[in-house]
Amino acid sequence: MIRRWFLLIGLLLTSCSNTGDGLKTAEQFWEAVSQKDYQQAAAYTLESDPLFIQSTLFFYRNYQSELGKPQKLKDRIIIPTLLKNTDNDKTLKLFTIITPFDGGYRVAYKTMVKAFVGDLKNKLDQHLDDGENWLDQQLDDFSQWLEPWLEYQDPDEIEQFSI
């Protein structure tokens, strides 16, 4: 019985340690983004693609990140994230997704973008009337443009998508 308690306590401590390590990776990623060091930010992601990070965060370059409490979901760590604009009071809500990689953790950045775009599209769909299909078409076009970026790319193939 006592052995089971020690095992349970050990599992809880390991779980807390894992979310702490994942949170540290997220903090390092967002710090590099805030410094506009996309090469360094990419080093914390699974994809290691600085151009994709820079292009998807271009409109959010004046935002500061605020990380919430990490939650473990299967093998991933999900961190509620607010991006707050330093020039006005606009706030963007998203999730930083951390996944195990090579004995450490990395940001699953393309998965984050897919989730964010999908959520944004769902929210806009709720507010659009049937007669306002133009914006819906624009989002579909944007989603199609992103599709090649969101799939895993060999570093040698990434150049073909450069703007």
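Residues numbered from 1 in each chain as written. Predicted model: local features only at pLDDT ≥ 70, side-chain atom pairs only at ≥ 80, totals over all residues. Heavy atoms only, no water.

Novice: Whenever I open this one, the environment of Glu-27 confuses me. Can you help?
Specialist: Structurally, the position occupied by Glu-27 is in helix 1 (residues 2-34). Given the relative accessible area of 43%, Glu-27 is considered partly exposed. Expressed as a C-alpha distance, the spacing of Glu-27 and Ser-65, which sit 38 residues apart in the sequence, is 8.7 Å. (Helix = DSSP H or I, 4+ residues; strand = E, 2+ residues; numbered from the N terminus. Buried < 20%, exposed > 50% of the residue type's maximum accessible area, 1.4 Å probe, protein only.)

Novice: What exactly am I supposed to notice about the packing of aromatic side chains here?
Specialist: Between two aromatic rings, the relevant description is the distance of the centres plus the angle of the planes. One pass over the full model with this rule turns up three aromatic pairs. A centroid spacing of 5.0 Å and a plane angle of 75° characterise the contact between Phe-29 and Trp-30, whose relative ring orientation is edge-to-face. For the pair Phe-29 and Trp-30, one class covers both residues: buried. Each ring, one from Phe-29 and one from Tyr-109, has its centre 5.7 Å from the other, and the planes form 50°; the classification is tilted. Placement of the pair is Phe-29 in helix 1 and Tyr-109 in helix 4 (residues 109-127), with a sequence separation of 80 residues. Each member of the pair, Phe-29 as well as Tyr-109, is classed as buried. Following the ring pairs from residue to residue traces out a cluster consisting of Phe-29, Trp-30, Phe-52 and Tyr-109. Between Lys-110 and the ring centre of Phe-52, over which it is positioned, the NZ or CZ distance is 5.3 Å. (Phe/Tyr/Trp six-rings, centres within 6.5 Å; stacked < 30°, edge-to-face > 60°. Lys NZ or Arg CZ within 6 Å of the ring centre and 35° of its normal.)

Novice: Looking at this structure, how should I read the nonpolar core?
Specialist: Nonpolar side chains tend toward joint burial in soluble globular proteins. Residues Phe-29, Trp-30, Ile-53 and Tyr-109 are the most contacted members of the largest nonpolar core, which totals 30 residues. Mapped by element, the contributors of at least two residues to this core are helix 1, helix 2 (38-43), helix 3 (50-56), strand 3 (76-85), strand 4 (91-101), strand 5 (104-107) and helix 4. Apart from the residues lying within four places of it in its own chain, the contact partners of Ile-53 are Phe-29, Val-33, Tyr-38, Ala-41, Ala-42, Thr-45 and Tyr-109. (Core = buried A, V, L, I, M, F, W, Y, C linked by side-chain atoms within 4.5 Å. Contact = heavy atoms within 4.5 Å.)

Novice: Mind showing me how you'd approach the pattern of salt bridges here?
Specialist: Should their charged atoms come close, side chains of opposite charge can pair. The final tally for this structure, using the stated rule, is two salt bridges. For Asp-49, the salt bridge goes to Lys-110, with nearest N and O atoms at 4.0 Å. One end of the pair, Asp-49, is in the loop between helix 2 and helix 3; the other, Lys-110, is in helix 4, with 61 residues separating them in the sequence. Of the residues examined, Lys-110 reaches a relative accessible area of 4% and is grouped as buried. Measuring nitrogen to oxygen at the nearest pair gives 3.0 Å for the salt bridge that ties Glu-66 to Lys-84. (Salt bridge = Lys/Arg side-chain N within 4 Å of Asp/Glu carboxyl O.)

Novice: Explanation requested: the environment of Lys-74 in the structure shown.
Specialist: Checked against the element boundaries, Lys-74 lands in the loop between strand 2 (71-73) and strand 3. By relative accessible area, Lys-74 is classed as exposed at 78%. In this structure the C-alpha to C-alpha distance between Lys-74 and Thr-99, which are 25 residues apart in sequence, comes to 9.8 Å.

Novice: In this structure, what is going on with the environment of Ile-78? I would like to understand it.
Specialist: As for its placement among the helices and strands, Ile-78 is situated in strand 3. Judged by relative accessible area, Ile-78 falls into the buried class, the value being 17%.

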